[in-house]
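Each chain, letter by letter, is given below.
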Amino acid sequence: MKKMLIIGCFFSMALAFVSCTKQEIDHVLNTNTGLTNEEVIAGLKQALNVGTDTSVALLNKVDGYFKDEAVKILLPPEAQVMYANLSKVLGITTLMDQTILAMNRAAEDAATEAKPIFVNAITGITIADGFTILKGTDTAATIYLQGKTYDSLYQKFQPKIDVSLNKPLVAGISAQSAYSNLIDVYNTASLGGLLFDRVTTNSLSSHVTTKGLNGLFLKVADQEKKIRKDPIAQVTDLLRKVFGAK
């Protein structure tokens, strides 16, 4: 019986020690950095704004999407059948290349329109515990932003993409026209589906919006990593105070 009481007391003391230690650690994290939660939240939002500015600048230029394999936009899922039957259709390769180039040009053109959309989303998000994100992964702030704002960003970004898809950005032809021509030529060559499956849907708008937005988030995440690790990327006093204190 005495042994059980001793063991019980030991575990009670151990639990109290662990709880106390965690509180002390949390206190030390806050006091050692000299940061308030409000400062951390402001720093995280500023990091996302800086990351967005840089990402838009990278993507909103010729070949910003097209020559970056990490974000390059290829044909939509319904058009994947074209790759399998590529050798069977004379001239289809050129049309495919033109279409892919036009799609990426549209994304590059629309990227600048994403900046105010992102800024509004970043300003509007609510971050309760800045320290949790600050002490999280290298892309924790970007992941948080994406989780909280993706749907609304998509709804606002798609009309911008649609405008760009209908601009004659490649040899006087728009991405939408190039894709429609590609589908027509391919389906004609299929002899009504006798030789190979026809393409019957056209989801270019949703496809380019999704890929374009995902590319932007990927670049923002890359910039967040730099801001967290590289003092040179901490371009404001607040960023240096928040991320330099980590």
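We now turn to the structure provided with this report. Nothing here was measured: the structure is a model prediction, and the numbers come from that model. (Residues numbered from 1 in each chain as written. Predicted model: local features only at pLDDT ≥ 70, side-chain atom pairs only at ≥ 80, totals over all residues. Heavy atoms only, no water.)

Notes on the overall build of the protein chain
Helix and strand counts for the protein chain stand at 9 helices and 0 strands. Counting helices and strands in the order they occur from the N terminus, the protein chain gives α-α-α-α-α-α-α-α-α. With 246 residues in all, the protein chain has 41% of them scored as buried. Contacts spanning at least 24 positions in sequence make up 80% of the contacts within the protein chain whose residues lie at least 6 apart. Of the roughly 13,200 Å² of accessible surface on the protein chain, 61% is carried by carbon and sulfur atoms. (Helix = DSSP H or I, 4+ residues; strand = E, 2+ residues; numbered from the N terminus. Buried < 20%, exposed > 50% of the residue type's maximum accessible area, 1.4 Å probe, protein only. Contact = heavy atoms within 4.5 Å. Areas by Shrake-Rupley, 256 points an atom, 1.4 Å probe, with all protein chains shown as cover.)

Quick look at the pattern of salt bridges
A complete count under the given rule lists 10 salt bridges for this structure. Across the pair Asp53 and Lys115 runs a salt bridge, and its minimum N-O distance is 3.3 Å. Residue Asp53 is found in helix H2 (residues 37-59), and its partner Lys115 is found in helix H4 (residues 92-124); the two are separated by 62 residues along the sequence. Asp53 sits in the partly exposed class, given a relative accessible area of 35%. Between Lys167 and Asp109 there is a salt bridge, with the nearest N and O atoms lying 2.9 Å from each other. Here Asp109 lies in helix H4 and Lys167 lies in the loop between helix H6 (140-165) and helix H7 (175-189), a separation of 58 residues in the sequence. With a relative accessible area of 23%, Asp109 lands in the partly exposed category. Overlapping salt bridges, with partners in common, bring together Asp63, Lys67, Arg105 and Glu108 in one network. (Salt bridge = Lys/Arg side-chain N within 4 Å of Asp/Glu carboxyl O.)

Concerning the packing of H4 against helix H8 (residues 204-229)
Viewed as axis vectors pointing N to C, H4 and H8 meet at an angle of 60°, and their least axial separation amounts to 10 Å. Taken together, the axes of H4 and H8 are oblique relative to one another. Like other packed secondary-structure pairs, H4 and H8 cross with a definite hand, here right-handed. Only Leu204, His207, Val208, Leu213, Leu216, Phe217 and Val220 of H8 make contact with H4, whose side of the interface consists of Met103, Ala107, Ala114 and Phe118. (Axes fitted to C-alpha atoms, helices over the stretch in contact; angles between N-to-C directions. Parallel < 35°, antiparallel > 145°, perpendicular 65-115°, else oblique. Left-handed = near helix turned anticlockwise from the far one by under 90°.)

Overview of the packing of aromatic side chains
Centre distance and the angle of the planes are the two values used to describe a pair of aromatic rings. Considering all chains together, one arrives at 4 aromatic pairs under this definition. Taking the centre distance of 5.2 Å and the plane angle of 55° together, the rings of Phe118 and Phe217 count as tilted. Of the two residues, Phe118 is situated in helix H4 and Phe217 in helix H8; the sequence distance between them amounts to 99 residues. Each member of the pair, Phe118 as well as Phe217, carries the same accessibility label: buried. Plain terms: the ring middles of Tyr150 and Tyr154 are 6.5 Å apart, the flat faces sit at 35° to each other, and that makes the pair tilted. Placement of the pair is Tyr150 and Tyr154 together in helix H6, with a separation of 4 residues, close to one helical turn. Each member of the pair, Tyr150 as well as Tyr154, carries the same accessibility label: buried. Each member of the aromatic cluster is reached from another via a ring pair, and the members are Phe118, Tyr150, Tyr154 and Phe217. Above the face of the Phe66 ring, Lys72 is positioned so that its terminal group lies 4.6 Å from the ring centre. (Phe/Tyr/Trp six-rings, centres within 6.5 Å; stacked < 30°, edge-to-face > 60°. Lys NZ or Arg CZ within 6 Å of the ring centre and 35° of its normal.)

Structural notes on a nonpolar patch on the surface
A contiguous nonpolar surface patch, about 350 Å² in accessible area, is contributed by Leu191, Leu194 and Leu195. Tracing the backbone shows Leu195 in the loop between H7 and H8. On the basis of relative accessible area, Leu195 is assigned to the exposed category, the value being 53%. (Patch = residues over 30% accessible without salt bridge, like charges linked within 9 Å, V, L, I, M, F, W, Y side chains within 5 Å.)

Things to note about the side chain of Ser190
Within the secondary structure, Ser190 sits in the loop between H7 and H8. Exposure remark for Ser190: the relative accessible area of 0% places this residue in the buried category. Not counting the four nearest positions on each side in its chain, Ser190 is found in contact with Leu195, Phe196 and Arg198.

Re the environment of Tyr154
By relative accessible area, which is 14% here, Tyr154 ends up buried. Residues Tyr154 and Gly212, spaced 58 residues apart in sequence, show a C-alpha to C-alpha distance of 9.8 Å. If we ignore the near neighbours within four places in the chain, the residues touching Tyr154 are Ser206, Thr209, Thr210 and Leu213.

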